[in-house]
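# A closer look at the structure
Listed below, chain by chain, are the residues.
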Amino acid sequence: MSIGFRQPFLETLIVYRKAFSKILKVTLPLFVLALMIRLLAIKVGGFSSVLLSIAAWGIGSLATLKALTTYLGYTQHRYNEIPTSISAVSFIFFAVAGLHIEFASLLSGTFFVIPGLLIYSSAFLAQSLIAKHGLGPFDAIAESVGKTQGNVWRIALLFVAFWLLLLIVNWIITFAFRSIQSESVVLSFIQWILSTEIELVSYALMAVVYARLNLPNQSKTIG
């Protein structure tokens, strides 16, 4: 079944806006902690840097899992806050699936951009399936490929549309700060915030697409 283009785009903006305060509450401390650990990793160097980078990645993955479960609750329960528990197994599956998808996309995208994007889009729902149903990482990826069949191009275009929109905003803000000769550390911090926003919006889109492919009334507008 087709998920459309315009409606999911608008729904993602609605979900992102309505869930913003909740997302901020559950993810900001984790994202800040991950950033501080990354900065420390750059400073210390050596093997300690590797361990700290892994720790920062794990904390960031936990933050994105919390964000995704929150978005899924908002899309499927008409914005009611649904208590969600995250098990250690779900977190590990979520992180492994994310690594597998990113690696496969990066490997394909190194040679051809479009195949990398399509691989990412076909596995787009894997982490949602893990968060909602506790599937194993590879079972979730296989299930995602089946669910997104016939919609891969639309998902890819939706992702690119949001990515380009936020990239333009990133460029405008970066240009504005550079024009007033802002410190590089300020620019780096602004760019980190914007890259985090891109990631959060992509998870909001993931939740919306998941809802549209799984709710009984597929055409129903969220919000």
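This text gives an overview of the structure that appears in the document. (Residues numbered from 1 in each chain as written. Predicted model: local features only at pLDDT ≥ 70, side-chain atom pairs only at ≥ 80, totals over all residues. Heavy atoms only, no water.)

### A look at the pattern of salt bridges
Proximity of charged atoms lets side chains of opposite charge pair with each other. Cut-off, in case you're wondering: Just to be clear on terms, a salt bridge is a Lys or Arg side-chain nitrogen sitting within 4 Å of an Asp or Glu carboxyl oxygen. Only DSSP runs of H or I with at least four residues qualify as helices, and only runs of E with at least two residues qualify as strands; both kinds are numbered from the N terminus onward. Relative accessibility under 20% of the residue-type maximum defines a buried residue, over 50% an exposed one, and the middle range a partly exposed one, all with a 1.4 Å probe and only protein chains included.
Taken as a whole and judged by the stated rule, the model has one salt bridge. E11 is the partner of R212 in a salt bridge, and the nearest nitrogen-oxygen pair spans 2.7 Å. Taken together, the residues span a long stretch of sequence, with R212 in helix α8 (residues 184-214) and E11 in helix α1 (residues 6-44) at a distance of 201 residues. With respect to burial, R212 and E11 carry one shared label: buried.

### Details of the packing of helix α5 (residues 126-133) against helix α6 (residues 137-147)
The description of two helices packed together rests on the angle between their axes and the distance between the axes. Definition in use: Note on geometry: axes are lines fitted to C-alpha atoms, helical ones only across the stretch in contact, with angles between N-to-C directions running from 0 to 180 degrees. In these notes the angle categories are as follows: under 35 degrees is roughly parallel, over 145 is roughly antiparallel, 65 to 115 is roughly perpendicular, and the rest is oblique. Working rule for handedness: look at the near helix, and if it is turned counterclockwise from the far one by less than a right angle, call the crossing left-handed; if clockwise, right-handed. Working rule for contacts: check all heavy atoms of both residues, and any pair within 4.5 Å makes them a contact. Any residue that is not Ala, Val, Leu, Ile, Met, Phe, Trp, Tyr, Cys, Pro, Asp, Glu, Lys or Arg is counted as polar, Gly included; the first ten are nonpolar and the last four charged.
Running from amino to carboxyl end, α5 crosses α6 at an angle of 120°, the nearest separation of the two axes being 8 Å. On the basis of the axis angle, α5 is oblique to α6. Relative to α6, the crossing made by α5 is right-handed. Here A126, L129 and I130 of α5 lie close against α6, whose contacting residues are P137, A140, I141, E143, S144 and K147. Of the residues in the contact of α5 with α6, the class split is six nonpolar, one polar and two charged.

### With respect to the packing of aromatic side chains
What counts here: A pair of aromatic rings is counted whenever rings of Phe, Tyr or Trp (Trp by its six-membered ring) have centres within 6.5 Å, and the orientation is called stacked for planes under 30 degrees apart, edge-to-face for over 60 and tilted otherwise.
Inspection of every chain in the model, using the stated rule, returns three aromatic pairs. Pairing Y16 with F20 gives two aromatic rings, centres 6.0 Å apart and planes at 65°, and the pair type is edge-to-face. Linking Y16 with F20, this pair stays in helix α1, spanning four residues, or about one helical turn. Using a relative accessible area of 16% as the deciding quantity, one classes Y16 as buried.

### Some details on α6
Heads up, the rule is: An arc is given here, and it is the one of the directions from the helix axis to the C-beta atoms.
Of the positions making up α6, those classed as buried are P137, A140, I141 and S144. Down the axis of α6, the buried side of the element spans an arc of 100°, and every buried residue falls inside it. Among the exposed residues of α6, those oriented more than 90 degrees off its buried face are F138, D139 and A142.

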